[in-house]
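Chain by chain, the residues run as shown.
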Amino acid sequence: MWQSPATLNSLLGTQKVMYEVLAFVAEGLTEVLPDGTRAPNLAQEVPTIQNGGVSTDGKTLTYHFKDGLVWSDDVPVTCADVQFTLEAIITPNVGISETTGYKEIERIECPTPQTVVIQFKNFYAPYLTLFSAWPLLPKHYAGDPKDMKNWSYNRQPLGTGPFVITEWKTDEYIRLKRNVNYREPTKPSLDEIIIRFVPSSEIALQLLASGEVDIMWNNTEADLPRLAQMPEVEVSQVLQVGGERLLLNLAENKDKSDPTKPHAILGDTRIRQAIAYGINKQRLVDKLLFGKAKIGSSELNAGFFECKDIPPYPYNPQQSQKLLDEAGWKVGGDGFRAKEGNKLRLKFATTSGNQLREDTQVLIVEDMKAIGVDFFIENAPSSVVIGTWDGGSPRRRGNFDVIMLSNNILIDPHLQMVGLWSSAQIPSEKNTGGTNFTRFADPKADAILQKASQEPDSTKRKNLYCQLAQLTYEQANMIYLYQRYNINAYRRPLQGWLANTWANIGWNAEDWRLK
C-alpha cells in the first residue's frame, strides 16, 4: 500500500487504508457480498421481518451469535461486547465524529450471552448497517471509552478475523499471522501476511513487477498498460458504487443563495436536460479512462437498491438543440446562445489539481460549445469546493452554477437519499451542514422520503427510492457521467481472490491461498 494508517481504531480514524488493514483482523455482525446483498458474519443470520429478527415496527432487532465464537485471545464473544461497543461509540468528547443511528438506540438487552436485542427509540431505516460498518470491540481488552485515545487497541486491535497483528513498524510494515482461534478451524490457509507501506504508487508498481510483493492496492486506469506488460500479474476490476457527476444549482447563484429564488438559467428543467443530452459520456470513458468505466445513470447504480430500469441520458445533441430552442435561447453570431440580451454562460468548477477531472472538463466544454452553451472553467482547491459553510464553500453557500464531484453510495442509501433530495437538507445560514447542494425541492420527493423513513421492509424501501431516483433523473439536477472501476493487481500464485466493491481487499482473506 502506498499510504500508511495513523490509527487502527475505526472509531477514531477515517483513512481508507486503516479499513484495509482492519479487514484482516476485526469484524462486525454482518457483511456485504460482492452482489450487494447482506450476509451473516458473526451473527447466525441477517435479521428480517420474515425470520422474526425484526419487529413489525422496525424498532426491535435481534441477533444470535454463531456458536463458539471467541476473540483471537480465546475469550468468548458475548452480547456484553456489543453493549460495550455502543457505549464506546456514544461516549462524548473522545473524537468520534459520526454516531448517526447509534444514538437512536434506546438500549441493548442480553437475554443470553449469545443473544443481542437492540431496542430503538425511533425507527432507523439503515438498521442493518449498525455494528457492521464498524467492527465489534472486545470489552475485556479495549479499556475505558473515556480514555479511548490512549488505548493499546489503537495500535494492536484484537478481533475475531482470520489474522492477528504481531508487529507494526510505523510507515514501514504491519505483520499479521494466522489466528489459531478463528471460527473455521481449517482457515485461513495462509500463515502470514505482511502489509508494506511505500512512499508512492510508482514504487508499489515496481515491487509488484519484480515479485517482491503479491498485491498492489488501489491502482488507477493509467496503470493498466504497465500492468498488461507483467505476465504473472492479474488485474482485479470491479465497478465502484456511485461515481462522477455534475451538480447543477437550481437556486440563484449568490453567496448565501436564497433557495426560493430560481437560478436565472438552470432554473429551467429544459436547460438542465439539454446539458444532459449534450455530453458525450462515452467519449469521456474512451479517451480518459481507457474504456474502463460505465456510463452513469442514476444515484442508485449498484447493489441491492440498484434501480436497473433507469437508463443513462443518451448522447443526443439534436435533442439538446431542440430543448434550448424551445426555452427561447437562440444561437448568436459567436456560436453561443443568448436570450433577452443574456448569454447562456455558466461557471464550471471542480477540485483543482485533479488531472482526470480537469481533462474531463475540457471535453465537456467542447460538447457544450457544440450546442451553443458557454461553460467557462473556474476551479478551486478541494478544501474550498468541498469545504464548510464558514470556509466559503460554494456548493454549501450556493454561489455556483455547475460543480463536478464524485460521490459513493452507501450499502443502505437512506441517509444519502435524505441528504441529497430532502428540502429540509438545503444548506442555509440556519442549516450550514445541509447536503442538498443542488437546492432541489419537490413535495413529491419529500413525501417519498417520509414514507421510506417509516418502512422496515427493505424491498418496499427500494421501490420508494427508485421512484425518487426516477423523479430526480427527470429533473436532471445531477448529471451522472461515469462509474469508474476499483482496480487492484495481484500476482497469479495468489488464489481465492474475490473482488468486492462494497468491502476492503482482505474481506475474504480466510479463503486466500498460494499456489
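Shown above is the structure to which this text applies.
Since we're looking at a predicted model, the values are computed, not measured.

What counts, and where the lines are drawn
- Residues numbered from 1 in each chain as written.
- Predicted model: local features only at pLDDT ≥ 70, side-chain atom pairs only at ≥ 80, totals over all residues.
- Heavy atoms only, no water.
- Helix = DSSP H or I, 4+ residues; strand = E, 2+ residues; numbered from the N terminus.
- Rg over C-alpha atoms; globule rule 2.2 N^0.38 Å.
- Buried < 20%, exposed > 50% of the residue type's maximum accessible area, 1.4 Å probe, protein only.
- Contact = heavy atoms within 4.5 Å.
- Lys, Arg positive; Asp, Glu negative; His and termini not counted.
- Charge placed at Lys NZ, Arg CZ, Asp CG, Glu CD.
- Phe/Tyr/Trp six-rings, centres within 6.5 Å; stacked < 30°, edge-to-face > 60°.
- Axes fitted to C-alpha atoms, helices over the stretch in contact; angles between N-to-C directions.
- Parallel < 35°, antiparallel > 145°, perpendicular 65-115°, else oblique.
- Left-handed = near helix turned anticlockwise from the far one by under 90°.
- Nonpolar A, V, L, I, M, F, W, Y, C, P; charged D, E, K, R; others polar.
- Disulfide = S-S within 2.5 Å.
- Core = buried A, V, L, I, M, F, W, Y, C linked by side-chain atoms within 4.5 Å.
- Salt bridge = Lys/Arg side-chain N within 4 Å of Asp/Glu carboxyl O.
- Polar contact = N/O pair within 3.5 Å; in protein donor to acceptor, adjacent residues only side chain to side chain.
- Pairing = 2+ DSSP bridges.

Caption draft 1: How the structure looks around the overall build of the chain. A count of helices and strands for the chain gives 14 helices and 21 strands. In summary, the chain has a C-alpha radius of gyration of 25 Å against a globular reference of 24 Å for 515 residues, a match within 12%. Structurally, the chain occupies a C-alpha span of about 80 × 55 × 40 Å along its principal axes. Scored against the burial criterion, the 515 residues of the chain give a buried share of 53%. A fraction of 65% describes how many contacts in the chain between residues 6 or more apart in sequence connect residues 24 or more apart. On the chain, the mean spot of the 55 positive side-chain charges and the mean spot of the 60 negative ones are 4 Å from each other.

Caption draft 2: Looking closely at the packing of aromatic side chains. Under the definition given, this model contains 17 aromatic pairs. A ring pair is formed by Phe 304 and Phe 305, whose centres lie 5.0 Å apart and whose planes are at 85°; its orientation type is edge-to-face. Looking at Phe 305, the relative accessible area reads 6%, which means it is buried. Taking the centre distance of 5.7 Å and the plane angle of 80° together, the rings of Trp 421 and Phe 440 count as edge-to-face. Placement of Trp 421 in helix α12 (residues 414-421) and of Phe 440 in the loop between α12 and α13 (443-452) is noted, with a sequence separation of 19 residues between them. Of the two residues examined, Trp 421 and Phe 440, each falls in the buried class.

Caption draft 3: Highlighting the packing of α12 against α13. Running from amino to carboxyl end, α12 crosses α13 at an angle of 160°, the nearest separation of the two axes being 11 Å. Accordingly, the angle class assigned to the pair α12 and α13 is roughly antiparallel. Crossing of α12 over α13 shows left-handed handedness. Of the residues in α13, those in contact with His 414, Met 417, Val 418 and Trp 421 of α12 are Ala 445, Asp 446, Leu 449 and Ala 452. Its residues assigned to classes, the contact of α12 with α13 shows 6 nonpolar, 1 polar and 1 charged.

Caption draft 4: Geometry of the state of the cysteines. Scanning the entire structure with this criterion turns up 2 disulfides. Two residues, Cys 79 and Cys 110, share a disulfide whose sulfurs are 2.0 Å apart. One disulfide, between Cys 79 and Cys 110, carries an S-S torsion of -75° and so falls in the left-handed class. Note that Cys 79 is positioned in helix α2 (residues 79-90) and Cys 110 in strand β4 (residues 105-112), a separation of 31 residues in sequence. Cys 79 sits in the buried class, given a relative accessible area of 1%.

Caption draft 5: Local environment of the nonpolar core. Phe 131, Leu 246 and Ile 275 are the most contacted members of the largest nonpolar core, which totals 107 residues. The contact partners of Leu 246, leaving out residues within four places of it in the chain, are Ile 279, Phe 348, Ile 364, Val 402, Ile 403, Met 404, Asn 477, Met 478, Ile 479 and Leu 481. Judged by nonpolar contacts, the second largest core, of 25 residues, contains Trp 168, Ile 193, Trp 217 and Tyr 490.

Caption draft 6: Summary view of the pattern of salt bridges. Enumeration according to the criterion identifies 27 salt bridges in this entry. Put simply, Arg 283 and Glu 366 hold a salt bridge, and the shortest N to O gap is 3.1 Å. One end of the pair, Arg 283, is in helix α7 (residues 281-288); the other, Glu 366, is in helix α9 (residues 355-370), with 83 residues separating them in the sequence. A residue is classified by how much of its surface remains accessible, and Arg 283, at 21% relative accessible area, is partly exposed. Using a relative accessible area of 42% as the deciding quantity, one classes Glu 366 as partly exposed. A network of salt bridges, in which partner residues are shared, links Asp 334, Lys 343, Arg 345 and Asp 374.

Caption draft 7: Structural context of the side chain of Asn 504. Structurally, Asn 504 is set in the loop between β20 (494-495) and β21 (513-514). Of note is the side chain of Asn 504, whose polar atom sits 3.4 Å from the backbone oxygen of Tyr 19. With residues up to four places along the chain from it excluded, the contact list for Asn 504 reads Lys 16, Tyr 19, Glu 20 and Ala 23.

Caption draft 8: Highlighting the pairing of strand β6 (residues 163-169). Pairing geometry for β6 and strand β7 (residues 173-178), over 6 bridges, is antiparallel. Across the sheet, Trp 168 pairs through a bridge with Ile 174, a residue of β7. Connecting β6 to the antiparallel partner β7 that follows it, the hairpin turn spans 3 residues, and Asp 171 within it adopts a positive phi of roughly 65°.

Caption draft 9: Inspection of the environment of Ala 441 at higher detail. Secondary-structure assignment places Ala 441 in the loop between α12 and α13. On the basis of relative accessibility, which here comes to 52%, the residue Ala 441 falls in the exposed class. Along the primary structure Ala 441 and Gly 372 are separated by 69 residues, whereas in three dimensions their C-alpha atoms are 28 Å apart. Contacts of Ala 441, omitting those with residues within four sequence positions, involve Ser 423 and Ile 426.

Caption draft 10: Looking closely at unusual backbone geometry. A cis amide bond links Lys 187 to the next residue, Pro 188, at an omega of -5°. Looking at the secondary structure, you find Pro 188 in the loop between β7 and β8 (192-196). For Asn 218, which is not glycine, the phi dihedral falls at a positive 60°. Of note, Asn 218 is situated in strand β9 (residues 215-219). The exposure class assigned to Asn 218 is partly exposed, which follows from its relative accessible area of 28%. Of note, Ala 476 is a non-glycine position whose phi angle comes to about 55°, a positive value. Summarising the element assignment, Ala 476 is placed in the loop between α14 (458-475) and β19 (478-491). Residue classification places Ala 476 among the buried residues on the basis of a relative accessible area of 0%.

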